[in-house]
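Next come the chains, spelled out residue by residue.
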Amino acid sequence: MKFRYWFLCYFLMLILIFTTSYFASQKSPQFPIYQEDLAFQTDLAMMYLTALVTGFPRRDYLHNGRLEAATWLASEFRASGLEVYTQEFSVEIAGKKVTDLRNVYAVLPGVQSKAVLVVGHYDIPPFVRQGAADNGSGVATILELARIFASGPTPQWTMIFMTSDCQEYGPMYGSSHFLKESGWKEHLAAVISLDFANLGEMKGIEIEMSGWQQNYTPLWLRQIALASITPETEAIDANPFREWVDRALAITTAEHGIYLHSRIPALNLKGVPKHSNWQARYHHTTGDTIGKILPKTIDHYGRAAERLLRSLQLLEEFPPTEMSYLKVGAYYLPAWAIRLIQLLFLTPLLIRTLSAWRRTERDYLREVGRELRYLLASVLAGALGYFILRLLMEKGLFFNNELFPVLQKKPLLGYQQIIPSLVVLATAIIGYICFLRLLALPREVRVEIRQATSFTLMLLLIIMTIFLNAGFTSLAFLLPSILSWPLLSPNRSLWRRGINLLIALSGLIPIILLIYPPSAYIDANLGWQFIIAIAYGHYPHRAILLSLVFIAIFFRFIPSVLLKATPPSLTWGNKKEYFSWKNVLHK
C-alpha cells in the first residue's frame, strides 16, 4: 500500500477515535459532600502520634516494640468506647517464619450491616526509626477519627478502624489476613487507606487508586474523595495518561490495592509535600521522625479524611462497583467506549494483516505451522527462564530479602544481581536451542509468512486482552508496535532497511520508559520493582504467558524487516529465500 493511503488510513482512524471519545464521554457523577463543622482535633492527633513514635520507635518484625505498640493501640481504641479485636498471624519474611504478627481493629456498629473500613499500618521496616510520617501519621489520624465517630450518633454504615501489621512486606500481609480470616470481607462496602501524611509542608493529598494485580478505584468513590479533600488542600488526581499506566502496571505499595484486588471499592490518601526531594532524603530512613511532622499537615490530612468518611455516611446506598472507565477532566469514558477506541487503534494492523495474507501463496499452511512452532519454541524457552527465576527466588539465590514490594531506600534497589540474571538469560537461550531441535525446525520460514503470522497473532491476542480486562495493558505496552509495524516491509535500499529497524525498535519505547521513567509521576525504581514483582509471582500466569508470546513475536519479527526485497525468481529450494538472525549478522 502506498504511503498516501496509509496516511489516509491513520487520519481516518484518529477522526473515528476522537469522534467516539466525544460522543461517548459522560459527565462525572456528583455526590453529596458533608458541609457541616468537622470535629478533628489536631492537638490530640499529634499527641497520639508523639506517643506512638517516641514510645515505640522500633515497630518492625525483629523487635518487641511492635507488640507493645499493638497493646497500646488496643487500649486507645477501648478508651474511645469501641469494641476491640486482635488478629494474630504468621508469615515468612526473608526466608524466616515470623510469628506474633498482630492486626488491631475496633468496630463501631451502624444502622446498616455494610461497613466502611479505615486502615493504616503501624509497622515499619527494620532500618527505620520512629516512622513518624510512614505511617505514624496515618495511625494517629485513625485513632482520632475513631474517637470522633465513637463519641457521636450511631452512623448509617458500620465503621471499622484498623491498624494493621506487616504491611511493609509481601502483598500487605496484615490486610490480606484480615480479608481471609476476619469474616468482614462480604460486608465491606468501601475501604479508605491512610498511608501517609507527608513530611514537612503539604502541597496536597494524592488519591492512589491502583489495585494489586488488577482493578481500580470506582469513579463514585474517587469523586467523593476529591470533593472531600478540596476544602482542605489541593486534591491531586491522576491524569488520563497516568491512570492508563497505573492500570496497565497494576503495582501498588499501599493496602487499598489488596481490597481492590477482591473488587472492594478502595483508595489511599497520600500526603504530597511541597519539597519532594527533601522528603525523599528522609522517607524510609532513621530521619523519618516526629520533628519533621507539621501540625498543619496533620490537620489538613485528618480533616480531609473525616470529611470523606462523613460523606460516605450520607449515602443512602452504595453505587455499583464499576472499575473499568477512564476519567478525562470532568468527564469519563465508560468501559464499552474504551474497548471500542482500542479496537479502532487496531485498524492499521488489521489492514496490514489482510494485506500480508494477500501476498502469500495459496500453499502456505505448512509454513504457518512451522512458524507457529518457532514461536512455540521461543515461548517455551521464556517459560523455562521464568521457572528458573522463580526457583532461584524460592531457594534464596536471586532475592534473599523481604518480599515484594521492595521498600524505598532498601539496598536491594541499589544494585541488580547480575549473575543470577545471566543464569536466567542463559537458561532461556539454551532452552530455545534445545526446543528448536525437539520441534525439528531445520529451516526458516519465508518472510511474508512470518510477518503475516506475527501480525495475525498480535491482532488476536490484543483483541482477547481488550475484552478480558478492558485492554489497558495491551495499549500501554504495544501502542508503538500497533501503529508503526504495519508500515514495515522488506526493501533493497540500505537506508530503508535502517529506517525499518528504527521503526521496529520503536516497540521497545514503553519498556525503556518503564526502566528509565522520565516523569516524576513514576518511581525511578519502577523497572527494577517490576522485575522483582515477576520474580515473586505477583502477576497472574495468564499475564506472563501473554507477555512471553508478545516477546516471541517481537524477536521473530525484527529480523524479517531487515531483509532485502525478495526477488521473484527465487525458488522454494533456494536458501536465500529464508531469513534469520544469522543472515542479518552476515549481511
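As a reminder, the structure under discussion sits directly above these lines.
Residue numbering note: each chain is counted from 1, following its sequence as written. For this predicted model, a pLDDT threshold of at least 70 governs which residues receive local features, and a threshold of 80 or more governs which side-chain atom pairs are given and counted, while totals over whole chains, interfaces and linings are taken from all residues. Note that the side-chain values use all heavy atoms of the structure and ignore hydrogens as well as water.

(A) Focus on the packing of aromatic side chains. Any pair of Phe, Tyr and Trp rings, taking the six-membered ring for Trp, is counted once the centres come within 6.5 Å. Such a pair is stacked with planes under 30 degrees apart, edge-to-face with planes over 60 apart, and tilted for the rest. Evaluated as defined, the whole model comprises 12 aromatic pairs. With a centroid separation of 5.3 Å and 20° between ring planes, the pair formed by Tyr85 and Tyr105 is classed as stacked. Taken together, the positions of Tyr85 in strand β2 (residues 83-93) and Tyr105 in strand β3 (residues 96-108) put the pair 20 residues apart, joining distant regions of the chain. Burial classes follow relative accessibility: with a 1.4 Å probe on protein chains only, a residue under 20% of its type's maximum area counts as buried, one over 50% as exposed, and anything between as partly exposed. Judged by relative accessible area, which is 32%, Tyr85 ranks as partly exposed. Their ring planes at 50° and their centres at 4.5 Å tell us that Trp157 and Phe318 sit as a pair that is tilted. You can see Trp157 sitting in strand β5 (residues 157-164) and its partner Phe318 sitting in the loop between α10 (295-313) and β10 (325-328), a full 161 residues away along the chain. According to the relative accessible area criterion, Phe318 is buried, its value standing at 16%. The structure contains a cluster of three or more aromatic residues connected by ring pairs, namely Tyr85, Tyr105 and Phe178. In this arrangement the basic side chain of Lys27 is found over the ring face of Tyr331, its NZ or CZ atom lying 5.0 Å from the centre. Its end group placed over the ring of Phe149, Arg310 keeps NZ or CZ at 4.7 Å from the ring centre. Counting from the N terminus, the helices are the DSSP runs of H or I reaching at least four residues and the strands are the DSSP runs of E reaching at least two. Any Lys NZ or Arg CZ that is within 6 Å of a ring centre and within 35 degrees of that ring's normal is treated as a charge sitting over the ring.

(B) Structural detail: the sheet that holds β10. Note on pairing: DSSP must find at least two bridges between two strands before they are called paired. Pairing within the open sheet is antiparallel, and its three strands lie in the order β1-β11-β10. Among the strands making up the open sheet, the edge pair consists of β1 (26-27) and β10. Whether two residues are in contact is decided by their heavy atoms: any pair within 4.5 Å suffices. Structural elements are reduced to axes, namely lines fitted to C-alpha atoms, with helices fitted over the stretch in contact, and the angle between N-to-C directions of any two is expressed from 0 to 180 degrees. In this fold helix α6 (residues 219-229) packs onto β10 and β11 (331-334), with an angle of close to 30° to the strand it touches most, β10. Set on the sheet, helix α11 (residues 335-345) makes contact with β10 and β11; between it and β11 the angle comes to about 70°.

(C) Here's a closer look at the sheet that holds strand β8 (residues 234-236). Pairing is mixed across the open sheet formed by eight strands, whose spatial order is β2-β3-β5-β4-β6-β9-β7-β8. Because the sheet does not close on itself, it has two edges, and the strands there are β2 and β8. Pairwise comparison of adjacent strand axes, ignoring direction, gives a mean angle of 25° for this sheet. Of the strand pairs in this sheet, strand β6 (residues 188-194) and strand β9 (residues 266-273) are connected by four bridges, and their pairing is parallel. For Ile192, the partnering residue across the bridge sits in β9 and is Leu267. Contacting β3, β4 (112-121), β5 and β6, helix α4 (residues 132-150) runs over the sheet at an angle of about 150° to β4.

(D) Broad picture of helix α20 (residues 541-557). An expected span of 1.5 Å times one less than the residue number is assigned to each helix. Here α20 spans 24 Å end to end across 17 residues, near enough to the 24 Å set by a 1.5 Å rise per residue. Taken as a whole, α20 has its buried residues at Ile544, Leu546, Leu548, Val549, Phe550, Ala552, Ile553, Phe554, Arg556 and Phe557.

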